[in-house]
Structure formats: structure tokens, C-alpha cells
Amino acid sequence: MSQLPFPESFKLVFFGGAGDLVTRKLLPAMYQCHKNGLLVEAGHILCVDRQDLSEDAFLELADEKARHFIPAADWDEAVWAEFRKRLAYLRIDATQPEQYAPLKERLKKAPAAVTVFYLSTAPFLFATICAHLTRQGLNGPNSRVVLEKPLGHDLASSNAITADVDRYFHENQVYRIDHYLGKESVQNLMALRFGNALFEPLWRRMWIRDVQITIAEDVGIGTRAGFYDKAGALRDMVQNHLLQLLCFVAMEPPASLDSNAIRNEKLKVLESLVPFSEADVHEKTVRGQYRAGVSGGKPVPGYLEENDIPPGSHTETFVAIKAEIANWRWAGVPFYLFTGKRLPERLAEIVIHFHDVPHPIFPLPSKSGSCAPAKLVIRLQPDEFIRLYLYAKQPGDSMELQPVSLDLNFAEQFKVRRTEGGYERLLLDAIRGNQALFVRQDEQEQAWRWVEPILNTWAADPKGPEPYAAGTWGPAASLHLLERDGIGWHEGN
Ligand code: BG6
């Protein structure tokens, strides 16, 4: 993760370049990089898509989305106008070999030191695109390919994608993106763990009681019914984002910031996850599906009433899992993973609960009635902070305790506006050639191997997901998952 030098010139080619992800997230992310002076002058972005758009029409589309999705505080008309000069559009049907000729012409006319092909397309196109790029001589030692999720539907389909891409691009040219790894707080977790000696002796089963990792979303599935109904929350969020966060919490200190040093340690965590039997799936997982409810003060439809969702769909929009890691550091420590759509708020955080004192001598806080243990909260979004909760004596003549927090608020500490998306850092890293924050093939495979028994058991269970009202924290059964271990859900700060 140490900073490699930025190349003197680059070309970034977005396949699916007029699509939602590119116009809503990736171009705004590149704009932020440009605005912060992080791009070299000779850096160009070519958006390739099969939509029949003139360059002007594309720029209008990019403009419209940018105005909508770039936060007002970051929007600068003049800077955007400058950034726009980096953009170009090319209509290509990626399945048609002869249509790659104009792409080749554009790329060869002014060759760049590095060319990054970002495939923001359906995965069934990955092999075709990689094959055509290679045949056109566009796959050289300084070419890279970024693969956007979903990378498969299960282990077999993920391996098939790997094998297809592998025929043309070497693993060191392949960048499997998980945008959660680009979020500052995830890198800060590394800094906290491996840049300070303080936590290391505590970071283990003797001192940590449980870990709760939550990615809650208030939104529903929006216009993505086609994709979402085939995927569900387990494939969409757990197989990738949540397991990656778990890896950063649980990994051993890497020997260096080298890409493979980090990814080797993450792989070991994935390999140590206790596999689920069918009985474990019933006991340690909860899946839910939202029903009509209230979100942001407005009534919202249930999942089954969303456009294009097949009647009676069993796709889960909520998942809770109790995972365990079988190694010396973590044996017996539950890792609770939660994610869902149409929950009360948008929130991503990691909460580490430390064990309670072995012998309490102070009166318990009168309000809570119980002595909750110390905890470390790493908040990823919407705000970013690391907060350590400890007990202090209440002012006055009693010896009653009260939780207080030691706070590291990044926005206040660093006095810079921080963007929370995650794509900025990852796009820059792909251009620089730094794979540390990208998922390696064996990690990808191992994550699928772990979730597959859950997928299979759920698919064979006619009961389907448990309902929860939109705007609530998911099915009650997810709370029981913790409560029966004598653990409470971490609430509020
Ligand atoms: C994506 C999922 O990977 O992550 C979406 O496909 C989800 O369903 C999104 O909404 C959440 O990302 P973020 O950064 O907004 O928390």
C-alpha cells in the first residue's frame, strides 16, 4: 500500500461507460481526483458503451449526473469544465470484434504509459472484452483490467470468470474492485492496528468478547430489480464487503505494506472461517425481506411490490450471520455480520466489544442497569470516526460510573473535506499499479467457498426469508442471534 509513483500519462477506459456506475460514481470520483490535483495532465478517460450517443450527448449525460451526484460543497463549475476536457466517448458493441478497431486507433494514436480497462459491464462480457483487447494488441505489460462485482453467482461461476480472464490477463494485471476497501476508515483500521503498539496485545480472544460489523442501508433496491433479485444481500454485500471488513479486523500484522503481504494475511483469515453445516446455517444465520413500511417519513412499498420483482420471490434483503474464526487469536469470539436494505438509517461500522472487568467493584450505572463492556467503534459512514468507550467516575460524591468516549473524528482532526465513496483511492491505485486494496483471486474463491453452504441451504429451504417492516432493524430473529449468546446489539453513540 506504500505509494508507487504515478505514471506520467494514463488512459482510463470505462466499458459500460454510459452506464449508471460510471456516470454516478466513477466519473465523479475522477473529478474529485482532478480537483485535488492528483491526476497528471496527460491523463485521459475514454467511456466506451454500446449506447448510440454522440460525444456531445454523452458529455451532456455526464454533466447532468455529475451535477446531481457530486456534493454541492465539492462542485466547481470551472473545475468541471477543465475535467470534461479529459473525457471522450466511443460507441462500441463489446461483443463485435470489428468494433474494436476504432478503440485501438484512439489508444495507439497517443499511447499512454499505463492503460487501465475498467469493465463496468455484466460479467458474461468480461472474457469477450479481454479476448478482443488482447487480439487487438491492446494488452501489453502496462495494461490493467479492473473487474467490477458481481464476480460470479457462486463458486463455480466465479472460477469460470477467473479462468476466462486468466487466459488473457496475468493475475498481476487484474484488479478486482471492492469499493469498501477504498474507504478511508478501512485503511485507518490498518493504521490503528499496525501503526500503534497499544492495541496489539488486546486484539485477541483473551480481551475481545465479540465483534459486530454492520452495513445498514435505508434505501430499497431502487431500479436494480433485475440484478438484485438474482443476487440478494448475501451475494451483494456479505461475500465481498462484509467479509473483507472482517479480514481487516481479524488479520495478522502483515510483514509490510506490499500487496501480497496484505492479501496473504487476509486469505488466511478467510481460510480460517469455520465452515457452516446445514444445521449451522439454520442456527447461525437469519435472512429477511422487507415489507411495506416507512422510510424517511414516507410510506414505501415492500420488496415484493417493487417493480419487476417476481411474485413470491425468496430473495433476501437482510442478512445476519454469526461467524467464527478457528485460529489461536480468535477461537470462540463471535463475529456478527449484519446488512440490510430499508433499515432505519444508512450506517456502516465495526464495533469491537472488550470483555467486562472480571470482578466489578463499582456500582453499576443506574440508568443502564448493567455494566456494558468497553468498546471500540470504527464508523465508516455516514460520518467517519474511531471512538473508544470507557468508564469514568461520574462527577460528585458517588462512585457510580458512566461511559465516556475518546474520540478521533477525521474530519475535525485533518481539516480536509473527505469523500467517503472509496472509488477515488482505488482508481488512483489501479493507475499506479498498486493491488493492495484489490481482492486477489484466491481470496475471491475462498469467500465464495464459505458462503456457498449458506446459499445452498437457503435455496433448499421452502420457508424463505423472514419479513420485516421497511424502516425497522430487520427480523427479530437477528437480535436473538446475539441475545442467546448473552450479547446486546451495539446501539447508538
Ligand atoms: C454495492 C451494492 O456493492 O454497495 C449495493 O451492490 C449497495 O447494493 C452498495 O447499495 C453500498 O455501497 P455504499 O458505499 O453506498 O455503502
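Residues numbered from 1 in each chain as written. Predicted model: local features only at pLDDT ≥ 70, side-chain atom pairs only at ≥ 80, totals over all residues. Heavy atoms only, no water.

Colleague: Explanation requested: the nonpolar core in the structure shown.
Modeller: Soluble globular proteins tend to bury their nonpolar side chains together. Formed by 117 residues in total, the largest nonpolar core has its most connected members in Phe-14, Ile-321, Phe-335, Ile-350 and Leu-376. Among the elements that line this core, the one with the most residues is helix H8 (residues 225-250), at 14 residues. Beyond its immediate stretch of four places on either side in the chain, Ile-350 contacts Leu-189, Val-211, Gln-212, Ile-213, Leu-245, Val-249, Leu-376, Val-377, Ile-378 and Leu-380. Ranked by size, the runner-up nonpolar core spans 28 residues in total, among them Leu-46, Val-48, Leu-103 and Leu-133. (Core = buried A, V, L, I, M, F, W, Y, C linked by side-chain atoms within 4.5 Å. Buried < 20%, exposed > 50% of the residue type's maximum accessible area, 1.4 Å probe, protein only. Helix = DSSP H or I, 4+ residues; strand = E, 2+ residues; numbered from the N terminus. Contact = heavy atoms within 4.5 Å.)

Colleague: Even after reading the chapter, I still don't get the site of the ligand, so can you show me in this structure?
Modeller: In the region of the ligand, the neighbouring residues are Lys-149, His-179, Tyr-180, Lys-183, Glu-217, Arg-224, Asp-236, Met-237, His-241, Lys-341, Arg-346 and Gln-381. Here an oxygen atom of the ligand sits 2.7 Å away from a polar atom, N or O, in the side chain of His-241. For the ligand, whose free accessible area comes to 390 Å², the fraction covered by protein is 85%. For the shell around the ligand, the element with the highest residue contribution is H8, accounting for three residues. Per-class residue counts for the shell around the ligand are two nonpolar, three polar and seven charged. (Near = heavy atom within 4 Å. Polar contact = N/O pair within 3.5 Å; in protein donor to acceptor, adjacent residues only side chain to side chain. Areas by Shrake-Rupley, 256 points an atom, 1.4 Å probe, with all protein chains shown as cover. Nonpolar A, V, L, I, M, F, W, Y, C, P; charged D, E, K, R; others polar.)

Colleague: What is the right way to read the sheet that holds strand E2 (residues 43-49) from this model?
Modeller: Strand pairing in a sheet relies on backbone hydrogen bonds, with the paired strands running either antiparallel or parallel. With parallel pairing, six strands are arranged side by side in an open sheet as E3-E2-E1-E4-E5-E6. Every interior strand has two partners, whereas the edge strands, strand E3 (87-91) and strand E6 (174-176), have only one. Across this sheet, the average inter-strand angle for adjacent strands is 20°, counted without regard to direction. Here strand E5 (residues 143-147) pairs with E6 via three bridges, running parallel. Bridge pairing in E6 places Val-145 opposite Val-174. Contacts from helix H5 (residues 126-135) reach strand E1 (10-15), strand E4 (114-119) and E5, with the element oriented near 155° to E4. (Pairing = 2+ DSSP bridges. Axes fitted to C-alpha atoms, helices over the stretch in contact; angles between N-to-C directions.)

Colleague: Please clarify how the pairing of strand E12 (residues 335-340) should be interpreted in this entry.
Modeller: The two faces of the sheet receive side chains in turn, since in a regular strand these alternate between them. Taken across its six residues, E12 has six buried, putting it largely inside the fold. Residues Phe-335, Leu-337 and Thr-339 line one face of E12 and the alternating positions Tyr-336, Phe-338 and Gly-340 line the opposite face, and both faces are buried. Relative to E12, strand E7 (residues 208-216) runs parallel, the two being bridged by six bridges. Looking across to E12, one finds that Thr-214 is bridged to Phe-338. The sheet contact formed by strand E11 (residues 318-323) and E12 spans six bridges and is antiparallel. Along E12, the bridge assignment pairs Ile-321 with Leu-337.

Colleague: What should I look at first to understand the pairing of E5 in this one?
Modeller: Taken across its five residues, E5 has five buried, putting it largely inside the fold. Burial along E5 is two-sided: the residues Ser-143, Val-145 and Leu-147 and Arg-144 and Val-146 are all buried. Direction of pairing for E4 relative to E5: parallel, over a ladder of five bridges. Bridged to Tyr-118 within E5 is Val-146. Each parallel crossover has a hand, and the one from E5 via helix H6 (residues 155-166) to E6 is right-handed. (Right-handed = clockwise from strand over helix to strand, strands pointing away.)

Colleague: Looking at this structure, I do not really get the packing of aromatic side chains. What am I missing?
Modeller: Here the distance between the centres and the angle between the planes together describe a pair of aromatic rings. Evaluated as defined, the whole model comprises 17 aromatic pairs. Look at Tyr-31 and Trp-75: their rings are 5.9 Å apart centre to centre, the planes differ by 25°, and that puts the pair in the stacked class. Remark: Trp-75 occurs in the loop between helix H2 (55-69) and helix H3 (77-84) and Tyr-31 occurs in helix H1 (residues 20-35); sequence separation between them is 44 residues. Directly above the aromatic system of Tyr-180 lies the positively charged group of Lys-183, at a separation of 4.5 Å from the ring centroid. (Phe/Tyr/Trp six-rings, centres within 6.5 Å; stacked < 30°, edge-to-face > 60°. Lys NZ or Arg CZ within 6 Å of the ring centre and 35° of its normal.)

Colleague: When you look at the pattern of salt bridges in this model, what are you seeing that I'm missing?
Modeller: Pairing is possible between side chains that carry opposite charge, provided their charged atoms lie close to one another. Counted under the stated rule, the structure contains 27 salt bridges. In this structure, the salt-bridge partner of Glu-265 is Lys-268, at a minimum N-O distance of 3.3 Å. With a gap of three residues between them, Glu-265 and Lys-268 both fall in helix H9 (residues 259-272), about one helical turn apart. Looking at Lys-268, the relative accessible area reads 46%, which means it is partly exposed. A salt bridge links Asp-442 to Arg-440; the shortest N-O distance between them is 2.9 Å. For Asp-442, a relative accessible area of 24% corresponds to the partly exposed category. Through salt bridges with shared partners, one network takes in Asp-63, Arg-67, Glu-77 and Arg-84. (Salt bridge = Lys/Arg side-chain N within 4 Å of Asp/Glu carboxyl O.)

Colleague: Can you help me understand helix H14 (residues 476-483) in this one?
Modeller: Side chains that are three or four residues apart share a direction in an α-helix, a result of its 3.6 residues per turn. Every buried residue belonging to H14 is among Ala-477, Ser-478, Leu-481 and Leu-482, and all of these are buried. Considered in projection along H14, the buried side chains sweep an arc of 155° and stay on one side of the axis. Contacts from the buried residues of H14 go to E7, helix H10 (278-284), strand E8 (285-291), E11, E12 and strand E17 (466-469). (Arc of directions from axis to C-beta.)

Colleague: Honestly, helix H12 (residues 423-432) in this entry has me stumped. Any pointers?
Modeller: Among the ten residues that make up H12, ten are buried, leaving the element largely enclosed by the rest of the structure. Taken residue by residue, H12 has Tyr-423, Glu-424, Arg-425, Leu-426, Leu-427, Leu-428, Asp-429, Ala-430, Ile-431 and Arg-432 as its buried positions. In this structure, the buried side of H12 is in contact with E1, H1, E4, E5, E6 and helix H7 (184-194). Looking one or two places after H12, you find Gly-433, whose phi comes out positive at around 90°.

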